[in-house]
Amino acid sequence: MMRKWTIPSVLFLVCLLFLLPDQGRKLHANAEGDSDDLVNPPKVEDKIGAVPNGLSTDSEVAKREAESISKKSLRSNAEKFEFQAEVSRLMDIIINSLYSNKDIFLRELISNASDALDKIRFLSLTDKEILGEGDDAKLEIQIKLDKANKVLSIRDRGIGMTKEDLIKNLGTIAKSGTSAFVEKMQASGDFNLIGQFGVGFYSVYLVADYVEVISKNNDDIQYVWESKADGAFAVSEDTWNEPLGRGTEIRLHLREEAGEYLEESKLKELVKRYSEFINFPINLWASKEVDVEVPTDEDESSDEEETTETSEEEKEDEEKEEDEEGEKKPKTKKVKETTYEWELLNDVKAIWLRNPKEVTDEEYTKFYHSLAKDFGDEKPMGWSHFNAEGDVEFKAVIFVPPKAPHDLYESYYNANKSNLKLYVRRVFISDEFDELLPKYLNFLKGLVDSDTLPLNVSREMLQQHSSLKTIKKKLIRKALDMIRKIAEEDPEESNDKKDVEELSEEDEKKGQYTKFWNEFGKSIKLGIIEDAANRNRLAKLLRFESTRSGGKLTSLDQYISRMKSGQKDIFYITGTSKEQLEKSPFLERLTKKNYEVIFFTDPVDEYLMQYLMDYEDRKFQNVSKEGLKLGKDSKDKELKESFKDLTKWWKTTLASENVDDVKISNRLADTPCVVVTSKFGWSANMERIMQSQTLSDANKQAYMKGKRVLEINPRHPIIKELRERVVKDAEDSSVKQTAQLIYQTALMESGFTLNDPKDFASRIYDSVKSSLSISPDAAVEEEDYSEEVEIESEKKDETSSSKPEADEDTEEPSDFKDEL
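Counting starts from 1 at the beginning of each chain's written sequence and moves along it residue by residue. Selection of residues for local features in this predicted model requires a pLDDT of at least 70, selection of side-chain atom pairs for listing and counting requires 80 or more, and totals for whole chains, interfaces and linings are taken over all residues. For side-chain calculations, the full set of non-hydrogen atoms in the structure is used, while hydrogens and water are omitted.

Trainee: Sorry, what's going on with the overall build of the protein here?
Mentor: Note on conventions: DSSP H or I runs of at least 4 residues are helices, E runs of at least 2 residues are strands, and numbering of each starts at the N terminus. Scanning the protein from N- to C-terminus turns up 31 helices and 22 strands. Across the 820 residues in the protein, those meeting the buried criterion constitute 44%. Only heavy atoms matter for contacts: two residues are in contact if any of them lie within 4.5 Å across the pair. Long-range pairs, those at least 24 residues apart, make up 74% of the contacts in the protein with a sequence separation of at least 6. Accessibility here uses a 1.4 Å probe with only protein chains present; expressed as a share of the type maximum, an area under 20% marks a residue as buried, one over 50% as exposed, and anything in between as partly exposed.

Here is the structure:
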């Protein structure tokens, strides 16, 4: 491989030297001419903030830097190196495979600077002198802009790099060979192969076409690394730039299309987004306009006196001031002046790095408002701050917002946006990891900071990292514990009524879980549907109203504590509203026997109960479906036998109505009959929901509709009388009509929609006629239409008489009709 590339490389360098002989000699001459001046190199000024150009010291240094920036060419006296892998393939990996967003170049450089500062700080623990004195001891990151030359500089006072480090670190991916790198990554799946300094650094070529890296390590002299990403880089002793003392400065000569990164506002935005919680100060050399008082010229002052009229009081005040001070004050005016100073960009403290016991509620609230960009006054409902150790180590802080966003459930299954930010070693990676938390918990806000995840990879690659599954599992557990804690700390959730009454009305935790449920209750229900592994934990968080909850929310645990002895099932009913369900005939006997029934009125509840089959070894029973058991009744067999003829006849009569069976009911008290569905079919409420779907298919719905069963109340007088009529004459048409009407009424009262409302209305009108002693054959009186016919004929005569005048120039309509 070396032999293959050596001959072309030599030819390339020879051609380069022939093409640029004058420029090379000029650079060399400049370097030799400045060699005497650099025996005692200039030092960094003590007050660096007072110099507009930041790191400049004298005119010679500024001149040399300007010349270097303007040429954008490798120094002729530098030691040249070639990348072993083809640069086009390298850039293809970086731009197309690793980085989909150019903004991350600043994140990578700040992250590298932070690592360098961490290293020197670690070494200083055993050797304090390694930090040096003055500005060298300041562990910080500085960002500067040079708009005129389109240069962006990032400097740190970290450990710096020797000549060997520059060659090795900045050529890592090239030295390993692009092909070998890709093969290893695909074979082993070890994304830490990517997480090396070289790859992160090379993201600069997304925005720059020429890069200089000036670095000074305590163990070596100052060197400069430079490259145009054209297949070569150069390293030379830096006799050109100002001495750094220690650390690294990276200068990016930006492309034409990367001009936005020369704006202070853009850099501030990127630092806030990606590097807000870096441990070291990040300072930007920012411009600022201030009002400065400057003396005015005599001519200007005289003009002002002529144009402005002063009142007598103002003149007296001026004379008094002059008398007190003994001399006249010089006149001044205020003008706008642009100044430069270092502006700290990361002033928010990373509270997740602290011990949770040391962080106050006010600090958590302030941090939440900063993280969520929530500028309201409300506190988050709850939060969880924890550290996870083991194979995957991470720290996390998650919050329950005080309110749900208005669009929380819009495009629920299509939105990938998450409110959880992922950091790796305090560096922001992304907030679009839909695998970090399940969708039903996407209302939570917070962040995760891991030290074990690879940093220099794209979101798409990190999404598949095995560690994310471990993080996700622990985050779900902590999130559900946090929500459960809100319920436990709410006095209204307590079973001890005395304690609740004794608590002050001003207790801020009172009613918090009810508030949470009203805002995010649907998310818990969606979690029960989607997350089978945590279904039981989520079921404990479920809240609802019931026939015995007194208008307040209750839980499944509280329901079970109130269950009657011998009750095996948890009873519930679904519908559109609590008020409608309270009048449902399905509850009549249950309420009389003091059984508690849960009200489910949210459309998602129908789907919920298809997944929540049991809780604490107790099955759920929909009281509007068949299979309801309320204990044994000794008269059941006798009733079935005595109404056997009626149920058989009624089933035959309703053959056209798709009624599967007619049975004696054990759930009715005051209603003659109800229509129930099969245990595993759709309830009446579910049929209504499915029929209202925009893209519903009636043919497919037919398979899911449960078989309908008519249950009759054997104690009701209507049913008793009907039985007697059937015994007398089973073929009586009026009896059949009545039986049909009773069924349709029961169907409607049970929540179903009628297939033929017109037929039902006709039967009702016939019944009304009978009750009013009106003959069934009585016809509706015919309306007299003779007057309207006369009026219509008169209008036609008037129209025909007016037409001949208009037909002089055209054919007559009658002739036209004849032709047709």
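On we go from here.
Trainee: How should the pairing of strand 17 (residues 597–600) be read in this particular structure?
Mentor: Within a regular beta strand, the side chains point alternately toward one face of the sheet and then the other, so they alternate between its two faces. Of the two faces of strand 17, both are covered, the one formed by V597 and F599 as well as the one formed by I598 and F600. In this sheet, strand 17 lies alongside strand 15 (residues 545–546) in antiparallel orientation, the contact comprising two bridges. Following the sheet pairing, E545 is matched in strand 17 by F599. One requirement defines pairing of two strands: DSSP has to find at least two bridges between them. Here strand 16 (residues 570–574) pairs with strand 17 via four bridges, running parallel. Opposite Y572, over in strand 17, you have I598 as the bridge partner.

Trainee: Hey, could you run me through the packing of aromatic side chains in this one?
Mentor: The geometry of an aromatic ring pair is captured by two quantities: the separation of the ring centres and the angle between the planes. Ring pairs are drawn from Phe, Tyr and Trp, using the six-membered ring of Trp, whenever the two centres fall within 6.5 Å, and their geometry is named by plane angle: stacked under 30 degrees, edge-to-face over 60, tilted for the rest. The final tally for this structure, using the stated rule, is 19 aromatic pairs. Relative to F399, the ring of F367 has its centre 6.3 Å away and its plane inclined at 40°; by these criteria the two rings are tilted. Remark: F399 occurs in strand 11 (residues 394–400) and F367 occurs in helix 13 (residues 361–372); sequence separation between them is 32 residues. Accessibility expressed as a relative area gives 0% for F399, which makes it buried. Pairwise contacts between aromatic rings join W352, Y364, F367, Y368, W383, F399 and Y423 into one cluster. Over the ring of Y274 we find R273, and its NZ or CZ is 5.4 Å from the ring centre. Note on criteria: charge over ring means Lys NZ or Arg CZ within 6 Å of the ring centre, with the direction from the centre no more than 35 degrees off the ring normal. Above the face of the F643 ring, R723 is positioned so that its terminal group lies 4.3 Å from the ring centre.

Trainee: Is there a simple way to explain the pairing of strand 8 (residues 282–295) in this structure?
Mentor: Across three bridges, the pairing between strand 2 (residues 141–146) and strand 8 is parallel. Residue pairing in the sheet places I141 in a bridge with I282 of strand 8. In this sheet, strand 9 (residues 332–344) lies alongside strand 8 in antiparallel orientation, the contact comprising 13 bridges. Its bridge partner being in strand 9, A286 is matched across the sheet by E341.

Trainee: So what exactly am I meant to see when it comes to the pattern of salt bridges here?
Mentor: As a working rule, side chains carrying opposite charge can pair if their charged atoms are close by. Salt bridge, as used here: a side-chain nitrogen of Lys or Arg that lies within 4 Å of a carboxyl oxygen of Asp or Glu. Summed over the entire model, instances satisfying the criterion amount to 33 salt bridges. E596 serves as the salt-bridge partner of R562, at 2.8 Å between the closest nitrogen and oxygen. Here R562 is found in the loop between helix 19 (556–561) and strand 16, whereas its partner E596 is found in the loop between helix 21 (588–592) and strand 17, with 34 residues between them in sequence. A network of salt bridges, in which partner residues are shared, links D103, E260 and K266.

Trainee: I tried to follow unusual backbone geometry on my own but got confused; where do I start?
Mentor: Leaving glycine aside, a negative phi is the common case for residues, and trans is the common case for peptide bonds. Backbone geometry places E616, a non-glycine residue, at a positive phi of 50°. Along the chain, E616 falls in the loop between strand 18 (614–615) and strand 19 (618–622). Of note, N658 is a non-glycine position whose phi angle comes to about 60°, a positive value. You can see N658 is positioned in the loop between helix 24 (644–653) and strand 20 (659–664).

Trainee: When you look at the packing of helix 15 (residues 467–488) against helix 17 (residues 512–530) in this model, what are you seeing that I'm missing?
Mentor: Angle between the axes and distance between the axes are the two parameters that describe a pair of packed helices. Taken N-terminus to C-terminus, the directions of helix 15 and helix 17 make an angle of 145°; their axes are 10 Å apart at the nearest point. Regarding helix 15 and helix 17, the two cross each other, and that crossing is left-handed. The segment helix 15 lies against helix 17, with I483, I486 and A487 engaging Q512, Y513, F516 and I524. When residue character is reported, Ala, Val, Leu, Ile, Met, Phe, Trp, Tyr, Cys and Pro are called nonpolar, Asp, Glu, Lys and Arg charged, and the others, Gly included, polar. When grouped by side-chain class, the residues that make up the contact of helix 15 with helix 17 number six nonpolar, one polar and no charged. To define axes, lines are fitted to C-alpha atoms, for helices over the stretch in contact only, and angles between the resulting N-to-C directions are given on a 0 to 180 degree scale. For any helix crossing, the convention is left-handed if the near helix is rotated counterclockwise from the far helix by under a right angle, and right-handed if that rotation is clockwise.

Trainee: Could you clarify how one ought to interpret the confidence of the model for the protein in this entry?
Mentor: On average, residues of the protein carry a pLDDT of 77, and 71% of them reach 70 or more. Confidence of the predictor at the level of single residues is captured by pLDDT, which takes values from 0 to 100. Per-residue pLDDT stays below 50 along residues 1–8; that stretch engages in four contacts with residues further than four places along the chain or on separate chains. Note that pLDDT drops below 50 for residues 188–198; the model gives that stretch 26 contacts with residues more than four away or on any other chain.

Trainee: I keep staring at the sheet that holds strand 10 (residues 382–388) and nothing clicks. Help me out?
Mentor: Each strand in a sheet pairs with another by means of backbone hydrogen bonds, the pair being arranged parallel or else antiparallel. A sheet is described by the order of its strands in space; here five strands give the open sequence 10-11-14-12-13, paired in mixed fashion. Here the strands that pair on one side only, and so sit at the sheet edges, are strand 10 and strand 13 (427–430). Between one strand and the next, the sheet's axes are offset by a mean angle of 20°, whatever the strand orientation. Across three bridges, the pairing between strand 12 (residues 420–424) and strand 13 is antiparallel. By the bridge assignment, Y423 is partnered in strand 13 with F428. The sheet strands contacting helix 13 are strand 10, strand 11, strand 12 and strand 14 (445–450), and the helix crosses strand 14 at an angle near 95°. Along the sheet, helix 15 makes contact with strand 10, strand 11, strand 12 and strand 14, crossing strand 11 at roughly 40°.

Trainee: I would appreciate a short explanation of the sheet that holds strand 21 (residues 673–677) in the present structure.
Mentor: The strand order 20-22-21 describes an open sheet built from three strands, whose pairing is mixed. At either end of the open sheet lies a strand with only one pairing partner, and these are strand 20 and strand 21. Averaged over all neighbouring strand pairs, the angle between strand axes comes to 25°, with direction disregarded. Note: strand 20 against strand 22 (residues 708–712), five bridges, orientation parallel. Bridge assignment links V659 to a residue of strand 22, and that residue is R708. Strand contacts of helix 24: strand 20 and strand 22, with the helix running at about 160° to strand 20, the strand carrying the most contacts. With respect to the sheet, helix 28 (residues 733–749) is in contact with strand 20, strand 21 and strand 22, its orientation differing from that of strand 21 by roughly 60°.

Trainee: What's the story with a nonpolar patch on the surface in this structure? I'm lost.
Mentor: Here the term patch refers to residues with relative accessible area over 30% and no salt bridge, with like charges joined within 9 Å and nonpolar side chains (Val, Leu, Ile, Met, Phe, Trp, Tyr) within 5 Å. To measure how exposed things are, a 1.4 Å probe is used in the Shrake-Rupley method; for residues, cover is taken only from the protein chains shown. A cluster of nonpolar side chains, I764, Y765, V768, L772 and I774, forms an exposed patch at the surface whose accessible area comes to about 460 Å². Positionally, Y765 belongs in helix 29 (residues 757–771).

Trainee: Honestly, the side chain of T677 in this entry has me stumped. Any pointers?
Mentor: The topology assignment puts T677 in strand 21. Residue classification places T677 among the buried residues on the basis of a relative accessible area of 0%. Two N or O atoms count as a polar contact when they lie within 3.5 Å, although within protein this holds only if one can serve as hydrogen donor and the other as acceptor, and sequence-adjacent residues are included solely when both atoms are side-chain atoms. Reaching out from T677, the side chain makes a polar contact with the backbone oxygen of W682 at a distance of 3.4 Å. Leave out the neighbours within four places in its chain, and T677 touches S624, K625, E626, W682, S683, K707 and F752.

Trainee: So what exactly am I meant to see when it comes to the packing of helix 22 (residues 603–611) against helix 25 (residues 684–691) here?
Mentor: In the contact formed by helix 22 and helix 25, the axes pass within 10 Å of each other and the chain directions differ by 120°. What the angle tells us is that helix 22 and helix 25 run oblique. Crossing of helix 22 over helix 25 shows left-handed handedness. Counting all contacts with helix 22, which are made through P603, E606, Y607 and Q610, the residues of helix 25 involved are N685, M686, I689 and M690. When its residues are assigned to classes, the contact of helix 22 with helix 25 shows five nonpolar, two polar and one charged. We call two directions roughly parallel when the angle between them is under 35 degrees, roughly antiparallel when it is over 145, roughly perpendicular when it lies between 65 and 115, and oblique otherwise.

Trainee: What's the story with helix 17 in this structure? I'm lost.
Mentor: Working note: α-helix, 3.6 residues per turn, so residues spaced by three or four point in the same direction. Given the number of residues in a helix, its expected span is that number minus one, multiplied by 1.5 Å. Over its 19 residues, helix 17 extends 25 Å from the first C-alpha to the last, a length consistent with the 27 Å expected when each residue adds 1.5 Å. The term bend refers to the angle at a residue between two fitted axes, each drawn through seven residues, those ending there and those starting there. Its axis deflected by about 70° at F520, helix 17 carries its strongest bend there.

Trainee: Explanation requested: the environment of L131 in the structure shown.
Mentor: Topologically, L131 is positioned in the loop between helix 5 (104–124) and strand 2. Along the chain, L131 and N218 lie 87 residues apart, while their C-alpha atoms are 9.3 Å from each other. Residues contacting L131, with those up to four places away along its chain left out, are I120, S124, D136, A137, L139 and R246.

Trainee: Please explain the environment of I278 as it appears in this structure.
Mentor: Locating I278 in the fold gives a position in the loop between helix 10 (264–274) and strand 8. Dropping the residues within four chain positions of it, I278 is found in contact with I110, S114, I141, N346, R426 and V427.

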